[in-house]
Amino acid sequence: MWRRLSALIRKELLVILRDPKSRVLLIGPPLLQLILFSYATTLDVTNVSIGVLNQDPGRWSVEFISRIQGSSVFREITPLHRISDIREAIDNQKVIAAVHFGADFSRNIEAGVPADLQIMLDGRRSNAAQIVNGYLDQIANAVNAEASSRQGRRVAGDNVLERYWFNPSLEFTWFTVPNLVGSIALLISLMVTGQSVARERELGTHEQLMVSPLRVHEILLGKTLPPLVVGLFHSTMFVLATVFLFEVPLRGSLIMLYLSLVLYLVCVIGVGLFISSIAQTQQQAFLGVFLFAAPAILLSGFATPIDNMPDWLQTFTMINPLRHFLVIIKGVFLSAMPANELLTHSIPLLLIATFTLGAASIFFRRRIG
Amino acid sequence: MANLAVRRFAALLRKESLQIVRDPSSILIAVVLPLILLFLFGYGISLDATRVKIGIAIESNSAPANALASAFRISPYFDAVGARDRRELESEMVAGRLKGIVVIPAEFGENFARSPETATIQIIADGSNPNTARFVTNYARGVWGNWQRQMLAETGGREALVRTEARVWFNPELKSRYFLVPGSIAIVMTLIGTLLTALVVAREWERGTMEAMMATPVGVLQLLAGKLIPYYVLALASMSVCTIIATLLFDVPMRGSVFALFVIATAFLFPALGQGLLISAVTKNQFVAAQAALLSGFLPAMLLSGFIFEIDSMPVVIQWISYIVPARYLIPCLQTVFLAGDIWSLFLPNIGQMLLIGSVLFVAAVRNTRKRLD
Amino acid sequence: MTTLVQIADVSKSFGADVHALCDITAAVEPGTITGLVGPDGAGKTTLMRLMTGLMMPDNGTISVFGLDTKHDAERIQASVGYMPQRFGLYEDLKVRENLELYADLRGLPAGERAAVFARLLNFTGLALFTERLAGRLSGGMKQKLGLACAMVQTPKLLLLDEPSVGVDPISRRELWRMIEELAGQDIGVLWSTSYLDEAEKCDRVILLNEGTMVFCGKPAEMTERVAGRVVRLTNIQGRRRKLLATTLGLAGVVDGVIQGSSIRLVLKAGMDTEDIKRVLSEKSDIVDIEPAAPRFEDAFVDHLGGGPGGYSKLAEAMAIVADRGQPVIEARGLCKKFGDFVAAQDMTFSIPRGEIFGLLGPNGAGKSTTFKMLCGLLPPTSGEGRVAGFDLGRARADARGRLGYMAQKFSLYGDLSVLQNLEFFAGVYGLGRAERKRQIDAMTDAFDFKSHLKASTRELPLGFKQRLALACAVMHGPEALFLDEPTSGVDPITRREFWTHINGLVERGVSVLVTTHFMEEAEYCDRIALIYQGRRIANGSPDELKAQAATPSLPDPTLEDAFIAMVEASDADAAAA
């Protein structure tokens, strides 16, 4: 049994690795994807343009504007001259927000009267608009504190101590990279497994395997282990890139990470085999992979937090292996999640893996049985 | 002669339409996938952090501390659990069950009694998701600031000198669904225009029907147009269904005109279909075509279009790449036509860009689909 | 009458290394069937595409209807009917819709349409199936529909690219009849094929081999070169395969094949039948020698310098299969139903050690189903199959370990090298390290793989792939060998080499089950089961089948004649009952 199995595993690995071109394809594109996507998929807001309509002749609006200039959030300040300019600039998305200082802005401050400042935001990009608004509020607070202290007034200060755990300077890549590791591993493993049976069926080698003394469970193992090896290889490459290229701290247990990684990959490979045993052609397998992967990634907590979803959908995400794995990988990298917590999140993976592999083997058996 | 050309063309259109209806993968891509995506973006994906779970460590046993804690408890943005010691909450945050902790320190009551404006609190947020972390600190500051002002007013303090008054246009409730659902329509049209078209034409090459067509007196342009028009109609139909669902089911407003929507969609389908044709003409293989369409069509539309992620915030090199992504020009148009109205000064430059990219792609596609096999 | 196609000094290359066509000069005349004949990869499809203007020659010119394909492709295409290899049918469209599509594209006036469709549907026998999706048609029906589509506007020139591939003899004969009828209407037909026996039926033949033109002219002119040199050995005592191997070793023999219980030989020029008789009687058995009519294939092999000889190094390297005194392959009442449809019914036969058994039948008759049930690819609905005494249902893995399988398309791993393929198949059959090395060495030696061991299988020439497929199928020393149309499309030399090996293996006790459409291959069988509509309608040796089908008007039928006669008789019985 071992002899036959090892021949099968060797063959699968050779098919993936023999061609120098495919070896390059195996390493290059995934790494490129990791790098490209980790920079592209940022919900951070930097470098946006803001419009300013300043009808105030005094110094406080100038003070305010110079603080806007000093912030990395804003790239460009577009001076506006009339109220109607605000509409035009926001409508055409030249600016994401506009600040309007009235004629009596500085005068009011100097007089110790609250001065109003209008902020117009483009709700078509509500997420970015909200963040911009947060920054402007902070600037307003700072200006307020300065003006008040000059006048020796008693005002509520900005007396909040802010701390960000696990990611003190809120580096967005620390968030995206671990998420991408899980998502890209999902895509690659699904592709490799999803294609494998369908390709053999197209080539006719599937029948060749079926008439050999290989047993169904041997073929299943032979189709499971090589993608697992490839998946582990990719993941290791990603983990190294995460630590050394993106300098994301690795705070938790690497052993736990790999343990859950194996479980996770088996889940995904099970799904891939399942798709592969249904699909007649590689193209169908590809569409099947897509049909699974798109919702899996969207409902994983990567794009948006699970907590934001309606309850019924949150329950539904429990069957998504990526969702559980993302908790684990972020737990290991960023928050040094203790082993018992990691194990708790691994149990669903174990259950899903058992189910998907079981379903795949039943289908596989039936298809050829 | 003209009559003959019309009949040929009608025959091609009829054939293509019949194939769409009979082929399960067309139905999958044109009907099932759009609905799945639309529902995911309508229900599943939301960037609005509503009722984030946080903990409040009330380490000060004083009336103001308790008052502040209850201000957090009644805030619509938070689902707050209280504790007497921050350590009780910290492990919960490590486990990912709390997204932030507001610490009201032991000396808070004392400080507040001495001078209310100097009392300090601490906000700890889980930075492993920076977006959520920022929402937590921003909203917690808001609750804290309101409470402070209220207290100050009660104790004879005075108002802040600079008051901001924010108005969010087009989407005052800041619902992310309002921009995600129109954005997902762009994804749907990319799927039909690029992925499905690439697959269908590649299949003709694969099955040899393209060769048979080429040996008939049909011209290349006729052949291509006969392919494109049905998929153009299909994409518009799919868009219309999505629009109806978006406005009726997901309550997304439709402030622009249907006419503008169709103009924009048409402009976008020009490059999208051109890309699909080009991919199939180059690959001539369904499997490779599907991969190429996904890599060059779907992923950029998803990631580099400004659909979810701000293009301005990306590194410059990636911003350059985004300039050749047709969806980049569609997304602002769609968001505007749904949320803002007909702003032609925004539509026209974007439409121009899409037509430009489309022309380049079409010329390339036609050149690669000459009536020659070598 | 003017020549339809004039090909002058045409060459065509793809990339730097692939010379698809070299200096071809030929013509196609109206009212004739011109055969474009040659093995796969000879350049047939390229030449056809050049004639449609879908490709341009690197050198030389092609003119169709007096128009140069370089400048007037569109005008040429208006009057050419072209059926590409894969039919060019839309599988998602119904038969009628396909016809309508091509009628519109070719500008058939609406008024004529009803009459033309009726004629074409009647002609192709598809009238009953107009509402069926083209994808659901059988291979032969697809070919006929493809032909009908190419014919909607009666063309002046009809180009058919391998219309007979995968088509059973009955459909093939029907197709042929249709084509002859067309040629009678002054249409020029170009029919490409890898079956050399079809060449004889053509008015003219263009014979291609590896991109060069071997012959152009009337088939009789080609066969003339071997006139008087073809003989048949009959009344063979003892094993005819052994005798064939012996005779092929003789200096005066150019080529030889098994034909039922006889052997067909092509002698060297100047060799007398008496000489060969004398040599043979010295060697061993006494046989009768009679002259036989030369065939196109004989001439082709003679032109290529003769067959590969009769010695199989492979067989030499294989262990002799022990005689267990029981059949090696056994079907006992095998039955397969798909829903209500009975694909195969009560298949019972047994194949003893050292025998070749053939399954013949039209497409969809159930021969593939039976074949698949016997090699364990398809579980039977009832009945049982046994290989080497092991029940395929219960001891599946044991049974599979004793059979070798070679699929129609040479199912090897194209991404792997020759050596890696050999190692893989040795591995899945569980050969130990030492045994594996010994067998791989033996295969390398027997098939001359040495210089190709590291080459990617995908890039091997067709003949090489076929050798490798055989090597992979027999490396573990199977008792039973399953061959699914093993030599379709390969050149006659490679086919002879292949059967030399099979004959050698059979001599060493291997039993073979083969399915084929190819009568040449069927002649190698000891016994044949003819399967039709899920049932076995005839059984016997090739000679017995031929004798059964003999009629006063056709005293010496070919195996194909016999095949067709029996299927027709079965139809007549069914109609009567």
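Residues numbered from 1 in each chain as written. Chains lettered and ligands numbered in written order. Predicted model: local features only at pLDDT ≥ 70, side-chain atom pairs only at ≥ 80, totals over all residues.

## Description of the overall build of chain A
Stage number 1. When helices and strands are counted, chain A shows 14 helices and 5 strands.
Stage number 2. Computed over C-alpha atoms, the radius of gyration of chain A comes to 28 Å, more than 25% over the 21 Å expected from 2.2 N^0.38 for 369 residues, which places it beyond the range of a compact globule.
Stage number 3. Each principal axis of the C-alpha distribution contributes one length, and for chain A these read about 95 × 45 × 40 Å.
Stage number 4. Each of the 369 residues in chain A was classed as buried or not, and the buried ones make up 53%.
Stage number 5. Taking as baseline every contact in chain A between residues at least 6 positions apart, the subset at least 24 positions apart corresponds to 78%. (Helix = DSSP H or I, 4+ residues; strand = E, 2+ residues; numbered from the N terminus. Rg over C-alpha atoms; globule rule 2.2 N^0.38 Å. Buried ≥ 20, exposed ≤ 12 C-beta atoms within 10 Å, placed from the backbone. Contact = placed C-beta atoms within 7 Å.)

## Points about the domain arrangement of chain A
Stage number 1. Split by domain assignment, chain A resolves into domain 1 (48-165) and domain 2 (171-368).
Stage number 2. When each unit is reduced to the centre of its C-alpha atoms, the spacing between domain 1 of chain A and domain 2 of chain A is 47 Å. (Domains from an automatic or database assignment.)

## Observations concerning the interface of chain B and chain A
Stage number 1. Facing the 88 residues of chain B at the interface are 85 residues of chain A.
Stage number 2. If one sorts the elements of the side of chain B that touches chain A by residue count, helix α6 (residues 130-154) of chain B sits on top with 13 residues.
Stage number 3. Here the side of chain B that touches chain A is built from residues that sort into 46 nonpolar, 27 polar and 15 charged.
Stage number 4. Bridge count for strand β5 (residues 160-165) of chain A against strand β4 (residues 121-126) of chain B is 6 bridges, and the pairing is parallel. (Nonpolar A, V, L, I, M, F, W, Y, C, P; charged D, E, K, R; others polar. Pairing = 2+ DSSP bridges.)

## A word on the pairing of strand β10 (residues 212-217) of chain C
All names here are of chain C.
Stage number 1. The sheet contact formed by strand β9 (residues 204-209) and β10 spans 5 bridges and is antiparallel. Paired with L208 across the two strands is M213, which belongs to β10.
Stage number 2. The antiparallel hairpin formed by β9 and β10 contains 2 residues in its connecting segment, where E210 sits at a positive phi of about 50°.

## Here's the deal with unusual backbone geometry
Negative phi is the rule for most residues except glycine; trans is the rule for most peptide bonds.
Stage number 1. Here the phi dihedral of A:Q93 falls at roughly 60°; this positive angle occurs in a residue that is not glycine.
Stage number 2. On the secondary structure map, A:Q93 appears in the loop between α4 (83-91) and β3 (97-101).
Stage number 3. At C:F65, a residue that is not glycine, the phi angle is positive and equals roughly 50°.
Stage number 4. Position of C:F65 among the secondary structure elements: in the loop between β4 (59-64) and β5 (67-68).

## Some points on the interface of chain B and chain C
Stage number 1. If you look at the interface, chain B gives 24 residues, while chain C gives 26 residues.
Stage number 2. Residues belonging to the side of chain B that touches chain C are distributed by class as follows: 10 nonpolar, 4 polar and 10 charged.

## What to know about helix α21 (residues 559-576) of chain C
Residue and element names in this part refer to chain C.
Stage number 1. The end-to-end C-alpha separation of α21 is 26 Å, in line with the 26 Å expected for 18 residues at 1.5 Å each.
Stage number 2. Within α21, the full set of buried residues consists of L559, E560, A562, F563, I564 and V567.
Stage number 3. Buried positions along α21 lie against α6 (169-184), β17 (356-360), α19 (519-522), β23 (527-532) and α20 (542-549). (Expected span 1.5 Å × (residues − 1).)

## A short note on the domain arrangement of chain B
Stage number 1. Here chain B is partitioned into domain 1 (2-45 + 175-373) and domain 2 (52-155).
Stage number 2. Between the C-alpha centres of domain 1 of chain B and domain 2 of chain B there is a distance of 49 Å.

## Quick word on the packing of helix α9 (residues 240-248) of chain C against helix α18 (residues 492-507) of chain C
Residue and element names in this part refer to chain C.
Stage number 1. Contact geometry for α9 and α18: axes closest at 9 Å, N-to-C directions at 130°. Taken together, the axis directions place α9 and α18 in an arrangement best described as oblique. Both α9 and α18 take part in a crossing whose hand is left-handed. Listed contacts from α18 to R241, K242, L244 and A245 of α9 are N503, V506 and E507.
Stage number 2. A per-class count over the contact of α9 with α18 returns 3 nonpolar, 1 polar and 3 charged. (Axes fitted to C-alpha atoms, helices over the stretch in contact; angles between N-to-C directions. Parallel < 35°, antiparallel > 145°, perpendicular 65-115°, else oblique. Left-handed = near helix turned anticlockwise from the far one by under 90°.)

## Topic: the environment of C:N539
Stage number 1. Along the chain, C:N539 falls in strand β24 (residues 535-540).
Stage number 2. In sequence terms C:N539 and C:A344 are 195 residues apart; their C-alpha atoms lie 16 Å from each other.

## Structural notes on the sheet that holds strand β4 (residues 115-122) of chain A
Stage number 1. Across the sheet, 5 strands lie side by side as β2(A)-β1(A)-β3(A)-β4(A)-β5(B); this open sheet has mixed pairing. The open sheet has two free edges, formed respectively by β2 (74-80) of chain A together with β5 (162-169) of chain B, since each of these has just one partner strand. Neighbouring strand axes in the sheet, compared pairwise and without regard to direction, differ in orientation by 25° on average.
Stage number 2. Inspection of the sheet shows β3(A) paired to β4(A) by 5 bridges, in the antiparallel sense. Residue pairing across strands places A:A98 opposite A:M120, the latter belonging to β4(A).

## Quick look at the confidence of the model for chain A
Stage number 1. Across chain A, the average pLDDT comes to 87, with 98% of residues at 70 or higher.
Stage number 2. At the level of individual helices and strands, chain A shows its lowest average pLDDT in helix α2 (residues 20-40) of chain A, which scores 82, and its highest in β3(A), which scores 95. (pLDDT = per-residue confidence, 0-100.)

## Some details on the pairing of strand β16 (residues 341-351) of chain C
All names here are of chain C.
Stage number 1. In this sheet, β16 lies alongside strand β15 (residues 329-338) in antiparallel orientation, the contact comprising 7 bridges. By the bridge assignment, I329 is partnered in β16 with I351.
Stage number 2. Connecting β15 to the antiparallel partner β16 that follows it, the hairpin turn spans 2 residues, and G339 within it adopts a positive phi of roughly 65°.

## Quick look at the nonpolar core
Stage number 1. Counting residues in each nonpolar core, the largest one holds 380 residues, and the members touching the most others are B:M189, B:I264 and C:L513.
Stage number 2. Those residues within four positions of B:I264 in sequence are excluded, and the remaining contacts are B:L330, B:C333, B:L334, B:V337, B:F347 and B:I351.
Stage number 3. Core analysis: the next-biggest nonpolar cluster, separate from the first, contains 39 residues, A:I50, A:L80, A:I109 and A:I131 among them. (Core = buried A, V, L, I, M, F, W, Y, C linked by C-beta atoms within 7 Å.)

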